[in-house]
Amino acid sequence: MTVFRGSVLHFLDDPGETDDPTAWELFEDGALVVDDEGKVVFAGHAWAVPSRLRTGAVTVDHQGYLIVPGFVDTHVHVSEADIIASYGEQLLQWLQRYAFPAEARFGDPAYARAMCAFALERMLAAGTTTASVHTSLHPGSVDAFFEQAQQRNLRMLGGKVLMDRESTTPDYLRDDSVQAAETQTRELIDRWHGRGRLGYSISPRLALTCTEDMLTMVARLHRERPDVWIQTHAAENPQEIAQVREIYGGRSYIDVYDRFGLLTDKSLFAHCVHIDDADRARMAATGSSIAFCPDSNMFLGSGLFDIEAAWRQGVTVGLGSDIAGGTSYSQLYQLNHAYKVAQLRGGRLSAYRGFYLATLGGARALRLDEHIGSFRPGKEADFTVLDFTATPVLAHRTEAADTFTERLFALMVLGDEQAVAATYVLGRPAYERSRTRCGHRP
Ligand SMILES: [Zn+2]
């Protein structure tokens, strides 16, 4: 048994537009107690830790720091670490010029392994303990990713990218056939899905780079295996949307996926910047989730996602870095951008709703909230320890703040990976700011 002392904040539900205080628990002089299996047994006031849990327990002191559930990155490409901060293009040109060549290099298993290790270490350093990951076209990229995730004992989702439309994909990065892609995907599901903490996501890149036959195959495979996930991109960029309309017709981009049967309660759609009420209603009715990637949407000039409309219509939303359309692995950095996107749309994102979004909200979007996302007893103890004094500017603002709410908002806007003092996976240290661990796990 281990008792982690510090301020503890976690969410039981979405605080909603009114910041309903019953949606979260905050224990400023708090304790999180984790058993030897890495499960939460208690989260509450330090004085309230039952004596049976104290007896023989190890205490880890994070007093003065904020302990929150590990961040959930609902959309990230591990194959794109090399092209983060690549200049001057919007989505379709960006894919051709930067993303596709970078992903082609993932055909080399040693390179893929090194890149997956790099991306996972950067996530842990940013406080992220779970992600929904696109690897690359190559089946070996999934092996590389899951091997690295398993070594670190992480709860991760991922899958091989599917892309077979000749007019929109380069010769050097295209599935040979739908049948071959299906065979590879089935083999990967058999090999990895449900192994330890890993889950498989069938990953058609986007409607534009897939044929009708590929989308049909994805739907058929998912009907057969409803326990696996589906992840893809939707309605990100106006030029992309116009091309999708040319190819598929139909009422909207979401409608295309709907027609092929891809809107399910295990489906995750990245971006959804340009969708309407009818799209949101269908997504809510089918239990489909959205990965909101504010930094990427600004960096690639895609547009401003309407998170309030999505929430109002009952669509589950998570937060995503979308590396490398996005420029930071830090979910705090993403929250800073999410706040600004909300402002530009005439709305707001409170600190409480922001931290909900990056933790339990993300877990819900990935349908993993029975395992992670909060500190309810029995949950897996993945958590991160945040430092209100990580930088001089943040420390100064924290000092000047009158309330915890002000401090939390300052952390959300001014914090990034520098604010992460430590990250724990199943109650064991996976990252410490002072000395980064590389590869070795106890
Ligand atoms: Zn993406």
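Everything in this summary refers to the structure shown in the same document.

The rules behind these values
Residues numbered from 1 in each chain as written. Predicted model: local features only at pLDDT ≥ 70, side-chain atom pairs only at ≥ 80, totals over all residues. Heavy atoms only, no water. Helix = DSSP H or I, 4+ residues; strand = E, 2+ residues; numbered from the N terminus. Rg over C-alpha atoms; globule rule 2.2 N^0.38 Å. Buried < 20%, exposed > 50% of the residue type's maximum accessible area, 1.4 Å probe, protein only. Core = buried A, V, L, I, M, F, W, Y, C linked by side-chain atoms within 4.5 Å. Domains from an automatic or database assignment. Contact = heavy atoms within 4.5 Å. Pairing = 2+ DSSP bridges. Axes fitted to C-alpha atoms, helices over the stretch in contact; angles between N-to-C directions. Parallel < 35°, antiparallel > 145°, perpendicular 65-115°, else oblique. Left-handed = near helix turned anticlockwise from the far one by under 90°. Nonpolar A, V, L, I, M, F, W, Y, C, P; charged D, E, K, R; others polar. Salt bridge = Lys/Arg side-chain N within 4 Å of Asp/Glu carboxyl O. Donors = N, O, S within 2.8 Å, 3.2 Å for Na, K, Ca; no water. Tetrahedral: all angles 85-135°; square planar, octahedral: opposite > 155°, others 65-115°. Disulfide = S-S within 2.5 Å. Phe/Tyr/Trp six-rings, centres within 6.5 Å; stacked < 30°, edge-to-face > 60°. Lys NZ or Arg CZ within 6 Å of the ring centre and 35° of its normal.

This paragraph deals with the overall build of the chain. For the chain, the count of helices and strands is 15 helices and 16 strands. Against the globule reference of 22 Å for 442 residues, the chain gives a C-alpha radius of gyration of 21 Å, in line with a compact fold. Over its C-alpha atoms, taken along the principal directions, the chain stretches across nearly 65 × 45 × 40 Å. Residue burial in the chain is summarised as follows: out of 442 residues, 62% are buried.

Counting residues in hydrophobic clusters, the biggest one holds 121 residues, and the most contacted among them are M123 and F355. Two domains each donate at least three residues to this core, and these are domain 1 (2-69 + 373-432) and domain 2 (71-349). The residues touching M123, leaving out its near neighbours within four places in the chain, are V76, V78, T128, A131, V133, M156 and Y329. Among the nonpolar cores identified, the runner-up in size contains 15 residues, and V8, I67, A381 and A422 belong to it.

This part takes up the sheet that holds strand β4 (residues 58-69). The pairing of strands in a sheet comes from backbone hydrogen bonds and takes either a parallel or an antiparallel form. Read across the sheet, 7 strands follow the order β3-β2-β1-β4-β14-β15-β16 without closing on themselves; strand pairing throughout is mixed. In the strand order of this sheet, the two ends are held by β3 (40-45) and β16 (428-432), each with one partner. The sheet shows a mean angle of 35° between the axes of neighbouring strands, taken without regard to direction. Note that strand β1 (residues 2-11) and β4 share 6 bridges and pair parallel. Directly across from R5, in β4, lies its bridge partner D61. Against the sheet, helix α3 (residues 109-125) touches β15 (420-425) and β16, its axis set at about 115° to β15.

Contact geometry of helix α4 (residues 139-151) with helix α5 (residues 178-192) gives a least axis separation of 10 Å together with a crossing angle of 15°. Comparing their axes, α5 and α4 come out roughly parallel. The handedness of the crossing between α4 and α5 is right-handed. For the pair formed by α4 and α5, the contact residues are P139, V142, D143, F146, E147 and Q150 on the first element and Q184, L188, R191 and W192 on the second. When grouped by side-chain class, the residues that make up the contact of α4 with α5 number 5 nonpolar, 2 polar and 3 charged.

The subject of this paragraph is the pattern of salt bridges. Evaluated as defined, the whole model comprises 29 salt bridges. The residue E121 makes a salt bridge to R152 at a minimum N-O spacing of 2.8 Å. Pair noted here: E121 is in helix α3 and R152 is in the loop between α4 and β7 (156-159), with a separation of 31 residues, a long-range link. Put simply, E182 and R186 hold a salt bridge, and the shortest N to O gap is 3.0 Å. With E182 and R186 both in helix α5, this residue pair falls 4 residues apart, about one helical turn. A relative accessible area of 11% means that E182 is categorised as buried. Of the residues examined, R186 reaches a relative accessible area of 26% and is grouped as partly exposed. Connected via shared salt-bridge partners are R155, R197, E380 and D382.

With that out of the way, let us pick up the coordination of the zinc ion. Under ideal tetrahedral coordination, the four donors around a metal are separated by 109.5 degrees; under ideal octahedral coordination, the six donors are separated by 90 or 180 degrees. In this structure, H75 (NE2), H77 (NE2), H233 (NE2) and D322 (OD) serve as the protein donors to the zinc ion, at separations of 2.1 to 2.5 Å. Every donor counted, the 4 donor atoms about the zinc ion form angles of 87 to 172° at the centre, which fits irregular coordination. Counting gaps between the donor residues of the zinc ion yields the pattern H-x1-H-x155-H-x88-D. Here H233 is found in strand β10 (residues 229-234), whereas its partner D322 is found in the loop between β13 (316-319) and α12 (331-344), with 89 residues between them in sequence. Judged by relative accessible area, which is 4%, D322 ranks as buried.

Counted by the stated rule, this structure contains 0 disulfides. Cysteine C293 is unpaired, with the sulfur of C272 as its nearest cysteine sulfur at 9.4 Å. You can call C293 buried: its relative accessible area is 0%.

The next thing to look at is the pairing of strand β14 (residues 383-386). Judged by which residues are buried, β14 turns out to be covered on both faces: F383 and V385 on one side and T384 and L386 on the other are all buried. When β4 meets β14, the two strands line up antiparallel, connected through 4 bridges. By the bridge assignment, I67 is partnered in β14 with V385. As paired elements, β14 and β15 share 4 bridges and run antiparallel to each other. Its bridge partner being in β15, F383 is matched across the sheet by Y424.

Moving on: the packing of aromatic side chains. Within this structure, the stated rule accounts for 18 aromatic pairs. Residues Y248 and F260 carry aromatic rings whose centres are separated by 6.0 Å and whose planes lie at 85° to one another, so their mutual orientation is edge-to-face. On the criterion of sequence distance, the pair formed by Y248 in helix α7 (residues 238-248) and F260 in the loop between α8 (253-259) and β11 (267-271) is long-range, its members being 12 residues apart. Residue class for Y248 comes out buried when judged on its relative accessible area of 9%. For F260, a relative accessible area of 17% corresponds to the buried category. Their ring planes at 35° and their centres at 5.6 Å tell us that Y253 and Y257 sit as a pair that is tilted. With Y253 and Y257 both in helix α8, this residue pair falls 4 residues apart, about one helical turn. Joined through ring pairs, the aromatic side chains of F4, F375, F383 and Y424 make up one cluster. The ring of W311 is capped by R353, whose NZ or CZ atom sits 3.8 Å from the centre of that ring. For R407, the ring lying beneath its charged end belongs to F388, and the centroid distance is 5.9 Å.

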